[in-house]
Amino acid sequence: MDEQKVLSIKGLLDDTPEEYLSHKEKYENSIRKSVLFYKTLHSTEDENMSVDEKTKLNFRNIVTSAIFKDNSPFMLHNSMFIPTIMGQGTDEQREYWMKRAKNMEIIGTYAQTELGHGTFIRGLETQATYDPDTEEFVLHSPVLSSYKWWPGGLAHTANYCIVMARLYIKGKSHGIHPFMVQIRDEETHMPLPGIKLGEIGAKLGFNTVNNGFLGFENHRISRDRMLMKNAQVLKDGTFVAGSNSKLTYGTMVYVRVLIVSNMANMLAKAVTIALRYSAIRRQSQPKPDEPEPQILDYVTQQHKLFIAIASSHAFYMNAMWLWEIYYSVSLQLASGKLDNLPELHALACCLKPLSTIDATAMIEKCRLACGGHGYMLSANLAQTYGLATAAYTYEGENTVLLLQAARSLVKAWVGHVKGRPLKGTMAYLAGDSTVKAWDGSIDGIIQSFKVVAIRKISSVVKILQDYEKSGLSPEDAWNKASVFLTAASEAHGRAVLLSVYKSEMDKRAAVLSPPLRKVLLQLVDLYVTYWALEKVGDMLLYASITDKDVDELQRRYIELLAAIRPNAVGLVDAFDFRDEILNSTLGAYDGRAYERLMEEAMKSPLNAEPVNQTFHKYLKPFMRGKL
Ligand SMILES: CCCCCCCCCCCCCCCCCCC/C=C/C(=O)SCCNC(=O)CCNC(=O)[C@H](O)C(C)(C)COP(=O)(O)OP(=O)(O)OC[C@H]1O[C@@H](n2cnc3c(N)ncnc32)[C@H](O)[C@@H]1OP(=O)(O)O
Ligand SMILES: Cc1cc2nc3c(=O)[nH]c(=O)nc-3n(C[C@H](O)[C@H](O)[C@H](O)COP(=O)(O)OP(=O)(O)OC[C@H]3O[C@@H](n4cnc5c(N)ncnc54)[C@H](O)[C@@H]3O)c2cc1C
């Protein structure tokens, strides 16, 4: 989709900065822009699209949705409502609902989290009780904690939503299933009878996404509103279970995969802003007889920023790679083949946390690298941080997902020790975990990260086994060892991120021009070297690195920063963000940061008049002792 076309939409871009709008105005402005945007976008995800086309569409959506400093109330419609219909609906249900959803005849969201439960899906309390006499489900929120709480667009935007509710038939619970529920009248937009809706209030970010709450008071829906691809309820109330209850969790896996690419995009935006500003900002005078240097020439500034460029590339390569796995597993699931689902789940449970942890930290570092002007909302670094840090929590809180990945790693290791073959991204666990001598090459360092993962996984399994031998229950042993279980998952995730980035770049290197290949492989080298230094403790413990090797690594890292410096601005320009997408006084292509800062400052409502009315009302009498 052509950004130029989108950005040429009259009225799409804000004349009044969002920062000076009220909470309510921000939402109303975002709806206005979303409608304009969709009128132009018209692009929809067609199930016959190739992986590549589907991926490009999602990436385009991610990029273009960036024109919203704080994201759109339509976000959940695209990222979860439609994917759930696709993944959980029968052919008939998809046929009917996809047409309406893709044409924006209806706007939906995904309502799973409740006031009382977010992580523990099996603890959700919203009830869907089947009434065979009327062939309906009765939706009910029995207690306050069962109110749906958080879904984007739920408060005032969506008129339909996917509700994840506990299915009861004849008093028996059959677990959590997806239900298509109309929540507002399509003409009046009033909440339907038995439905309570509202907004959850101001947040650190996402303040235009219209996150809401939803409570049911014995609200009835027809039987055909349960999405029945994976499990069914027959007219007489017979429950037909799906082949795997976790298939109901499928949308979350999809979004976790999407988040990795979203982090690549968010980080690219932030480092474009910070690096361009660092190229125009001059400060201090290390050499008395020379002009103030660009702050980009301080090596400490390069250390803060260049890793962000490399990390964005790494996340993008991993996202494309993971997307292909997701797509092929989805095709296998469609034909009833489930055996690759656990690995996909484990991968998503590693890469979503690591990409959000790194991106959040590096976006904050981009802000900190810009001094006071980085602290301005007009720089759009704080908002970018606010959007990124939300992904640490949503779609599966990172700690919980890393523990999920640990389940798979522990199972794989225990199986390996018993002689069961390892496969896919865990096959390396069967490798030699003794490093005779440090190999400082890129491949050598990546191999060391694999050794670190093997050693951390094997040692935490030993801890678990020792706790159980001492009499602890498996659950208590698991909880006691959980800090090192998440560390083992992180180590596995690091090894995957590094090796996939390297191998995906190697695949592409052959078709790159020599100069471009040189620069992009320097970023791979920087990424691997940076993480070897960040994790030097693990390298010393498990990978036979010596202090001399560390010294060499440090010198190589410094040389890499110097080598990348001449191409640094070109590398962020290559992300090709238009100024309107960056939406930043510091990051504009023309480098006129000071003029833009002043232009934005003058838009402050306070600058409309030289003396604010509080002077006469409060200050003057106060200063005259007359208040
Ligand atoms: C107008 C312009 C705008 C344009 C807009 C365009 C936008 C386009 C795209 C933008 C992209 C932006 C990026 C996307 C942003 C989207 C915003 C999202 C907003 C947020 C939404 C949400 O947060 S939705 C709610 C998310 N909630 C969660 O994720 C809950 C997390 N909890 C869980 O997943 C589960 O509770 C659990 C896994 C932690 C535990 O589940 P459970 O208790 O059932 O299992 P057990 O622990 O008992 O057993 C585990 C067992 O099951 C297997 N398993 C678990 N999960 C899965 C799975 N998903 N798939 C397969 N298998 C699974 C696991 O492997 C274990 O197996 P064992 O063999 O037993 O070990
Ligand atoms: C910006 C934003 C948008 C969102 N949008 C949506 C949406 O559109 N639809 C939707 O349904 N939900 C949405 N959510 C909700 C989100 O999915 C939940 O916040 C998330 O799943 C975490 O659940 P929780 O908030 O209940 O935290 P909890 O699950 O209560 O977790 C709180 C803390 O307890 C820890 N903890 C919990 N369980 C364990 C465990 N087993 N082991 C170790 N530690 C544990 C966690 O690590 C966490 O630190 C959104 C959230 C945010 C922030």
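Here the structure is a predicted model, which means the values were calculated and not measured.

Notes on the UniProt feature "active site" (unreviewed entry) in the chain
Right, on to step 1. Per the UniProt record, the feature "active site" (unreviewed entry) sits at Glu-395.
Right, on to step 2. The residue Glu-395 is located in the loop between helix 10 (381-393) and helix 11 (398-417) in this model.
Right, on to step 3. Judged by its relative accessible area of 12%, Glu-395 is buried.
Right, on to step 4. Residues within four places of Glu-395 in sequence aside, it is in contact with Met-80, Met-252, Val-255, Arg-256, Ile-259, Lys-352 and Leu-401.

Some thoughts on the site of ligand 1
Right, on to step 1. The local shell around ligand 1 holds 37 residues, among which Thr-119, Lys-246, Tyr-249, Arg-256 and Lys-411 are the closest.
Right, on to step 2. Take Lys-246: an N or O atom from its side chain is 2.7 Å from an oxygen atom of ligand 1.
Right, on to step 3. Contacts to ligand 1 include Arg-407, whose side-chain N or O atom sits 2.9 Å from an oxygen atom.
Right, on to step 4. For ligand 1, whose free accessible area comes to 1,500 Å², the fraction covered by protein is 88%.
Right, on to step 5. Those elements that provide at least two residues to the shell around ligand 1 are helix 2 (23-41), helix 3 (51-65), helix 4 (75-88), helix 6 (250-280), helix 8 (341-368) and helix 11.
Right, on to step 6. Considering each element in turn, the shell around ligand 1 owes the most residues, 6 residues, to helix 6.
Right, on to step 7. Grouping the constituent residues of the shell around ligand 1 by class yields 17 nonpolar, 14 polar and 6 charged.

Things to note about the side chain of Ser-278
Right, on to step 1. Here Ser-278 lies in helix 6.
Right, on to step 2. Classification of Ser-278 as buried rests on a relative accessible area of 0%.
Right, on to step 3. There is a polar contact of 2.7 Å between the side chain of Ser-278 and the backbone oxygen of Ala-274.
Right, on to step 4. The contacts of Ser-278, once residues within four sequence positions are left out, are Gln-294, Ile-295, Leu-296, Gln-301 and Leu-305.

Some points on the site of ligand 2
Right, on to step 1. Taken together, 20 residues surround ligand 2, and among them Tyr-110, Thr-113, Thr-119, Gly-152 and Glu-397 come closest.
Right, on to step 2. With respect to ligand 2, the side chain of Thr-113 contributes an N or O atom lying 2.8 Å from a nitrogen atom.
Right, on to step 3. At 2.5 Å, a side-chain N or O of Thr-119 approaches an oxygen atom of ligand 2.
Right, on to step 4. Contributing elements (two or more residues each) for the shell around ligand 2: helix 10 and helix 11.
Right, on to step 5. Counting residues per element, the shell around ligand 2 draws most heavily on helix 11, at 3 residues.
Right, on to step 6. Residues that form the shell around ligand 2 fall into these classes: 9 nonpolar, 9 polar and 2 charged.
Right, on to step 7. Inspection of the shell around ligand 2 shows a minimum of three residues originating in each of domain 2 (107-246) and domain 3 (254-422 + 439-570).

Conventions and cut-offs
Residues numbered from 1 in each chain as written. Chains lettered and ligands numbered in written order. Predicted model: local features only at pLDDT ≥ 70, side-chain atom pairs only at ≥ 80, totals over all residues. Heavy atoms only, no water. UniProt positions renumbered as here; feature names shortened; annotations may be inferred. Helix = DSSP H or I, 4+ residues; strand = E, 2+ residues; numbered from the N terminus. Buried < 20%, exposed > 50% of the residue type's maximum accessible area, 1.4 Å probe, protein only. Contact = heavy atoms within 4.5 Å. Near = heavy atom within 4 Å. Polar contact = N/O pair within 3.5 Å; in protein donor to acceptor, adjacent residues only side chain to side chain. Areas by Shrake-Rupley, 256 points an atom, 1.4 Å probe, with all protein chains shown as cover. Nonpolar A, V, L, I, M, F, W, Y, C, P; charged D, E, K, R; others polar. Domains from an automatic or database assignment.

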